[in-house]
Amino acid sequence: QVQLVESGGGLVQPGGSLRLACAASGFTLDYYAIGWFRQAPGKEREGVSCINSASGRTNYADSVKGRFTISRDNAKNTVYLQMNSLKPEDTAVYYCAADPLTMMTRQAMCIIKEYVYDYWGQGTQVTVSS
């Protein structure tokens, strides 16, 4: 059974940092792309970042580029999202999601579009406020 569990959310001041983790079970991370998405109340879900766990290739939304870093530890079956220079507009529930890779796409750039992801975690709250 595929399962994704997010952790690491909390309350931080503007300009602060937070590291989120997405722990995967029921599948091998090496064969998946992992995306991070976020959703604020009353707003649509927004793509944040993704990583192709087979190749290590990453992608970022313009709104977080230069501030957020996605990484993976395949041995621990976990993907991380390091968030620096946080802004109030980063406040949201953050979700991780998994997209099975094919042999052809294992070296490709991942896509931060929710429709490509099949499995989703329950989310972790991030609040940026003074």
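Placed above this text is the structure.
All of the points below concern the structure found in this document. (Residues numbered from 1 in each chain as written. Predicted model: local features only at pLDDT ≥ 70, side-chain atom pairs only at ≥ 80, totals over all residues. Heavy atoms only, no water.)

1. Things to note about the overall build of the protein chain
Check the secondary structure of the protein chain and you find 0 helices and 11 strands. Order of helices (α) and strands (β) in the protein chain, N terminus to C terminus: β-β-β-β-β-β-β-β-β-β-β. Against the globule reference of 14 Å for 130 residues, the protein chain gives a C-alpha radius of gyration of 14 Å, in line with a compact fold. The dimensions of the protein chain, computed from C-alpha atoms along their principal axes, are 45 × 30 × 30 Å. Looking at the protein chain as a whole, 42% of its 130 residues qualify as buried. Accessible surface, the protein chain as shown: approximately 6,700 Å² in total, 47% of it carbon and sulfur. Put simply, the protein chain has 12 plus and 11 minus side-chain charges, and the middle of one group is 5 Å from the middle of the other. (Helix = DSSP H or I, 4+ residues; strand = E, 2+ residues; numbered from the N terminus. Rg over C-alpha atoms; globule rule 2.2 N^0.38 Å. Buried < 20%, exposed > 50% of the residue type's maximum accessible area, 1.4 Å probe, protein only. Areas by Shrake-Rupley, 256 points an atom, 1.4 Å probe, with all protein chains shown as cover. Lys, Arg positive; Asp, Glu negative; His and termini not counted. Charge placed at Lys NZ, Arg CZ, Asp CG, Glu CD.)

2. Description of the nonpolar core
I34, W36, L81, M83 and Y94 are the most contacted members of the largest nonpolar core, which has 28 residues in total. Sorting the residues of this core by element identifies strand 3 (18-25), strand 4 (32-39), strand 5 (46-52), strand 7 (68-73), strand 8 (78-83), strand 9 (92-100) and strand 11 (124-128) as the ones contributing at least two each. Core analysis: the second largest hydrophobic core is formed by 9 residues, F37, C50, A97 and Y117 among them. (Core = buried A, V, L, I, M, F, W, Y, C linked by side-chain atoms within 4.5 Å.)

3. Overview of the sheet that holds strand 3
Strands sit in the order 1-3-8-7 across an open sheet of 4 strands; the sheet is antiparallel. Of all the strands in the sheet, just strand 1 (3-7) and strand 7 have a single pairing partner and so form its edges. Strand after strand, the sheet turns through a mean of 15° between neighbouring axes, direction not considered. Where strand 1 and strand 3 come together, 5 bridges link them in antiparallel fashion. Within strand 3, the residue paired with S7 across the bridge is A21. (Pairing = 2+ DSSP bridges. Axes fitted to C-alpha atoms, helices over the stretch in contact; angles between N-to-C directions.)

4. Quick look at the packing of aromatic side chains
Scanning the entire structure with this criterion turns up 3 aromatic pairs. For the pair F27 and Y32, a centre-to-centre distance of 4.2 Å together with 50° between the ring planes defines the contact as tilted. One exposure class covers both F27 and Y32, and it is buried. On the numbers, 4.9 Å between centres and 50° between planes, the contact of F37 with W120 is tilted. Of the two residues, F37 sits in strand 4 while W120 sits in strand 10 (residues 119-120), which places them 83 residues apart along the sequence. Its relative accessible area of 1% is what places F37 among the buried residues. Accessibility expressed as a relative area gives 26% for W120, which makes it partly exposed. By way of ring pairs, the aromatic residues F37, Y117 and W120 are connected into one cluster. Over the ring of Y80 we find R19; its NZ or CZ atom is 4.2 Å from the centre of that ring. In this structure, R45 is placed above the aromatic ring of W120, and the distance from its NZ or CZ to the ring centre is 4.5 Å. (Phe/Tyr/Trp six-rings, centres within 6.5 Å; stacked < 30°, edge-to-face > 60°. Lys NZ or Arg CZ within 6 Å of the ring centre and 35° of its normal.)

5. Section: the environment of D118
Looking at the secondary structure, you find D118 in the loop between strand 9 and strand 10. A relative accessible area of 48% places D118 in the partly exposed class. Each C-alpha atom, one on D118 and one on A108, is 18 Å from the other, the two residues being 10 residues apart in sequence. If we skip the residues at most four places from it in the chain, D118 touches A98, D99 and P100. (Contact = heavy atoms within 4.5 Å.)

Treat this as a map of the structure, not an account of what it does.
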